[in-house]
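Letter by letter, the chains look like this.
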Amino acid sequence: MTSIEVRNAYVDFPIFDAKSRSLKKKVLGKVGGRIGTESKVPVIEALHDITLSVRSGDRVGLVGHNGAGKSTLLRLLSGIYEPTRGTALIDGRVAPVFDLGVGMDQEISGYENIMVRGLYLGMTRKQMEKRVDDIAEFTELGDYLSMPLRTYSTGMRVRLALGVVTSIDPEILLLDEGIGAVDARFLNKARDRLVDLVKRSGLLVFASHQDDLLLELCTSAVWMDEGRMKMHGSLREVLKAYKGKDPYENISPQTAARLGVEKPVSASKGGE
Amino acid sequence: MHATSTVPAAGESVAAEKPVPDRRSWNRAFADIRDGVTQRELWSHLGWQDIKQRYRRSVLGPLWITMSMGVTALGLGLLYSQLFGAPIGTFLPYITTGFIVWQFILGNLTEGTDTFIRNEGLIKHLPAPLSVYVLRTLWRQSIMFAHNMIIYVIVLAVFWGSLTKSGYVLTDNGVPQPGLGWSALLAIPGFLLLAVNAGWVILLFGIVSTRFRDIPQVITSLINLMFFMTPIVWTTDILQNRFGESAGWRDLVVELNPLYHLLQLVRAPLIGNEQSWHHWVISAGIALVGWILALVVMRNYRSRVSYWV
Ligand SMILES: Nc1ncnc2c1ncn2[C@@H]1O[C@H](COP(=O)(O)OP(=O)(O)O)[C@@H](O)[C@H]1O
Ligand SMILES: [Mg+2]
C-alpha cells in the first residue's frame, strides 16, 4: 500500500567550509595539537521533530514562509534526504517535481530530458518512446525540445517536468512551489491533468503559495514554520490560521465554480 | 526493524517505542546496489549520454576517443621502441594495449572520485540508488574502452605476424612469449574482474570524496607517479636484464603494485604474453578486500551522500 510514515524525523545540514572539507587539514589539524580549535562542523537544523503520516488518497498542501523547510520536507518524503535522526518509511513509486532552476545536465535537449526523467520514474525506454510525442505536445515547447536545457526559462522546465509526471501513473506525487512558474493558461491545462492524476495516483504532497491551486488539489495541509510542523489539519483551517483569513474569501468566481462544492461556503462567508 | 521488540527490557517498554534508526543498515546498502543494478536502462542511458555529450561538438563524435588513442599509441610505441632498442612489431602492440587498459583504470580512478560530486543536481532532485551513478561512470568508461579497442584491433591486424610467432620477445633478451592464440579470450574474464575492481573503487572513492574534497587532487597527483611505476611504457624484462636474476627489491616495485596485476589480467592475453595465475589471485583478493571496504563505507555513509554533495 502506498504510504509515507515519518516519525520524529530531524534533518540537519552540515555546513562545511574549506577547512572541514579537507582531509589534509583534518589529519594535520589533529597531529598539530590544535585540537582545541578543531570545532565541530556547524549544522543548520532544517527540520525539527517531524511526525507525519500520509496514506493513499491523501492530498496534503504545504504552506509556510521561505526557508520554513517545505522543500526540505518534500525531499525527506521523496527519500532523497534520509533523516539524521528518526525514521522515514516510504512505500511507493515517487515522482517529484522540485525547484527546476538546477538539477539536470544543462547541455542535454528537452527530448533527452523527457527520456531521463521517465527512466528515473521507473519507466522503460520503450514506454517513454511511446509517450514522448504526447508529452511534447502537452508542453507546447515545439522546436525548443531539440535545444539544450540551458536555453529554457524556469517555466519551460516546469512544463517538461509536469509533462513527464502527468503522463505516467506515479504513486507518490511531490510538487514544490516552483510549478507556479508557468503562465496562467498553461497552469489551467496542467491543473486539469494534475487533478485527474491526483485522483488516480496514491498520494500528493504539494508546497505552494497559491491558494487557488492548493484548494483545487489538496484536502489537508501542513503549516511549516522554522523547520517545525506548526499545524496539521484540514486545508481550510490551516490556510485560515496561516493567512489570517478564510481562503475562500478572495478566490475568483470561476475557481469557486470549478471547485463546485464551494457554493455553500461562499454563502456563509457573506454572513461573517 | 522489529528486532528490538523481541527483547523488551521490563522497565524500558516506553523507551522502546522510539523507532530504530535504520539508515545505517546492511540491508539498505545491499538494496541500493541491487536496485541500482536493476535500473540498467537508466545508467546505461546516462553513460551513453555522457559520451555523446562530450563529443557532440566535434566532427568525429565519439570516434575522437579512438583517434586520440591511435595517435598516442603510435607516438609512444615509436619513441619507446627506439629508446629501448625493442622490435617495433611486438613492442608497439605492447605499449598500445597497456595504454588502453591503463586509460580504463585511470578513468575509473579519477572520474570515480568525481562520481557523486558531478551528479549533485540529479542526486538532489530525483531519488535513485547511489549505485546508479557508480554504474553510470563504470559504463561510460567501458564504452570508452570499447572505442579504444578499435586501435587494438588495427594494431593486431598490422602486427599479426610478429605477435603470433611463438617465442617472440618484447625487448632484447626478454622472456620468450608464447604468442597469440585462443588463450587471448581470457582477456574477457580478465576485463570483467578488472571492472569488478573498478566498481568498488568508484563507490569507495566517490563517497569519501564527497566529504573530503581534496581527495580527487591527491589521486590525480599520485596517478602520474603510478603510470611511470607500472610497466606500461617499459617491461619487466628490462628490469630483469638490468639487474640480473636477483632483481630483489626492484622486483617488488612491480609485484607490490596492485595496478600491475590488474593490468596484466587484460594485457597479457591480448598480446599473447605469458599469463600467470598469480595475477588472478591477487586481483580477486583486491576485489574482495576492496568491496568489503566499500560496503562498510556504503553502509555507514550512504545516507549522508545527499547531504555532502
Ligand atoms: N542543502 C542545504 N544546505 C544547507 N542548508 C539548507 C540546504 N537546503 C536547505 N537548507 C536550509 O534549510 C532551511 C529550509 O529550507 P527550505 O526547505 O528550502 O525552505 P522552503 O522550501 O520552505 O523555502 C533553510 O534555512 C535553508 O537555508
Ligand atoms: Mg522551497
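Note that the structure is predicted; figures quoted are calculated from it, not measured. (Residues numbered from 1 in each chain as written. Chains lettered and ligands numbered in written order. Predicted model: local features only at pLDDT ≥ 70, side-chain atom pairs only at ≥ 80, totals over all residues. Heavy atoms only, no water.)

Q: Help me out: how do you make sense of the nonpolar core in this one?
A: Across soluble globular proteins, you tend to see nonpolar side chains buried next to one another. Ranked by size, the top nonpolar core spans 167 residues in total, and within it A:Val6, A:Leu175, A:Phe206 and B:Phe116 carry the most contacts. With twelve residues, helix H9 (residues 187–211) of chain B is the largest single contributor of residues to this core. Once residues lying within four places of it in the same chain are set aside, the contact partners of A:Leu175 are A:Leu74, A:Val97, A:Leu162, A:Leu194, A:Leu204, A:Val205, A:Phe206 and A:Ala207. (Core = buried A, V, L, I, M, F, W, Y, C linked by side-chain atoms within 4.5 Å. Buried < 20%, exposed > 50% of the residue type's maximum accessible area, 1.4 Å probe, protein only. Helix = DSSP H or I, 4+ residues; strand = E, 2+ residues; numbered from the N terminus. Contact = heavy atoms within 4.5 Å.)

Q: What should I look at first to understand the interface of chain B and chain A in this one?
A: Size of an interface, as often reported, equals the accessible area lost when the parts are brought together. With 38 residues of chain B at the interface, the matching set in chain A holds 42 residues. Between chain B and chain A, the buried area comes to about 3500 Å², and carbon and sulfur atoms account for 54% of it. On the chain B side of the contact with chain A, B:His45, B:His125 and B:Tyr307 bury the most area, a combined 20% of that side's loss. There are three salt bridges connecting chain B and chain A. Here B:Arg28 and A:Glu82 are joined by a salt bridge, their closest N and O atoms 3.4 Å apart. Here chain B and chain A share 17 residue pairs in polar contact (both at pLDDT 80 or more) between them. Listed by contribution, the elements that provide at least two residues to the side of chain B that touches chain A are helix H2 (40–54), helix H6 (120–125), H9 and helix H15 (305–308) of chain B. Sort the elements by how many residues they give to the side of chain B that touches chain A and H2(B) lands first, with seven residues. Residues belonging to the side of chain B that touches chain A are distributed by class as follows: 15 nonpolar, nine polar and 14 charged. (Buried area = accessible area lost by both parts, 1.4 Å probe. Salt bridge = Lys/Arg side-chain N within 4 Å of Asp/Glu carboxyl O. Polar contact = N/O pair within 3.5 Å; in protein donor to acceptor, adjacent residues only side chain to side chain. Nonpolar A, V, L, I, M, F, W, Y, C, P; charged D, E, K, R; others polar.)

Q: Is there a simple way to think about the site of ligand 1 in this case?
A: Among the 14 residues in the neighbourhood of ligand 1, the closest are listed as A:Gly67, A:Gly69, A:Lys70, A:Ser71 and A:Thr72. More than one chain approaches ligand 1, the contributing ones being chains A and B. Between ligand 1 and the protein, one listed contact pairs an oxygen atom with a backbone N or O atom of A:Lys70 at 2.8 Å. Within the complex, 67% of the 560 Å² of free accessible area of ligand 1 lies under protein. (Near = heavy atom within 4 Å. Areas by Shrake-Rupley, 256 points an atom, 1.4 Å probe, with all protein chains shown as cover.)

Q: I would appreciate a short explanation of the sheet that holds strand E7 (residues 203–207) of chain A in the present structure.
A: All names here are of chain A. Strand order across the open sheet formed by six strands is E5-E6-E7-E3-E8-E9, with mixed pairing between neighbours. Unpaired on one side and paired on the other, strand E5 (94–97) and strand E9 (228–234) mark the two borders of the sheet. Between one strand axis and the next, the sheet turns by 15° as a mean value, whatever way the strands run. In the sheet, strand E3 (residues 59–63) pairs with E7 via four bridges, with the strands oriented parallel. Directly across from Arg59, in E7, lies its bridge partner Leu204. (Pairing = 2+ DSSP bridges. Axes fitted to C-alpha atoms, helices over the stretch in contact; angles between N-to-C directions.)

Q: Teacher, can you tell me more about the UniProt feature "transmembrane region" (unreviewed entry) in chain B here?
A: All names here are of chain B. Under the feature "transmembrane region" (unreviewed entry), the UniProt entry names residues 59–79, 91–109, 145–163, 183–208, 215–234 and 277–298. Secondary structure within residues 215–234 divides into 75% helix and 0% strand; the distance between the first and last C-alpha atoms comes to 29 Å. With 100% helix and 0% strand, the stretch residues 277–298 has end C-alpha atoms that lie 31 Å from each other. (UniProt positions renumbered as here; feature names shortened; annotations may be inferred.)

Q: What is the right way to look at the packing of aromatic side chains in this model?
A: Aromatic rings in a pair are described by how distant their centres are and how their planes are angled relative to each other. Residues and elements named next belong to chain A. Applying the stated criterion across every chain yields a total of 18 aromatic pairs over all chains. When the ring of Phe13 is compared with that of Tyr81, the centres are 5.1 Å apart and the planes differ by 75°; the resulting orientation is edge-to-face. Here Tyr81 lies in the loop between helix H2 (70–78) and strand E4 (85–91) and Phe13 lies in strand E1 (residues 3–14), a separation of 68 residues in the sequence. Under the relative-accessibility criterion, Phe13 is labelled buried at 18%. Accessibility expressed as a relative area gives 6% for Tyr81, which makes it buried. (Phe/Tyr/Trp six-rings, centres within 6.5 Å; stacked < 30°, edge-to-face > 60°.)

Q: Looking at this model, I keep getting lost on the packing of H9(B) against helix H10 (residues 215–229) of chain B. Mind explaining?
A: Helix packing geometry: the angle between the two helix axes and the distance between the axes. Residue and element names in this part refer to chain B. Interhelical geometry of H9 versus H10 gives an angle of 130° and a closest axis separation of 8 Å. The orientation of H9 with respect to H10, classified from their angle, is oblique. For the pair formed by H9 and H10, the contact residues are Phe205, Val208 and Ser209 on the first element and Ile215, Pro216 and Ile219 on the second. A breakdown of the residues in the contact of H9 with H10 according to their chemical character gives five nonpolar, one polar and no charged. (Parallel < 35°, antiparallel > 145°, perpendicular 65-115°, else oblique.)

Q: In this structure, what is going on with helix H8 (residues 235–243) of chain A? I would like to understand it.
A: In an α-helix, one turn spans 3.6 residues; hence positions three or four apart end up facing the same way. Residue and element names in this part refer to chain A. Where H8 is concerned, the buried positions are Leu235, Val238, Leu239 and Tyr242. The buried residues of H8 all sit within an arc of 95° when viewed along its axis, so they share a single face. Residues of H8 that are buried sit in contact with E3, helix H7 (211–217), strand E8 (220–225) and E9. Once H8 ends, the next one or two residues include Gly244, with phi positive near 80°. (Arc of directions from axis to C-beta.)

Q: Please clarify how empty space enclosed by the protein should be interpreted in this entry.
A: Summary: where empty space remains is shown by rolling a probe the size of a single water molecule over the atoms. All names here are of chain B. Per the stated rule, a full pass over the model turns up three cavities of 30 Å³ or more. Every residue along the wall of the second largest cavity is listed here: Gln264, Leu265, Ala268, Pro269, Gln275, Ser276, His279 and Trp280. Looking at the lining of the second largest cavity, the elements with two or more residues in it are helix H13 (258–270) and helix H14 (277–301). Of the residues forming the lining of the second largest cavity, the biggest block, four residues, is contributed by H13. Looking at the lining of the second largest cavity residue by residue, the classes come out as four nonpolar, four polar and no charged. (1 Å grid on protein atoms, 1.4 Å probe; cavity = no way out; pocket = protein on both sides within 12 Å on 5 of 7 lines; lining within 4 Å. Points joined across faces, edges and corners; volume = space filled by probe spheres on them.)

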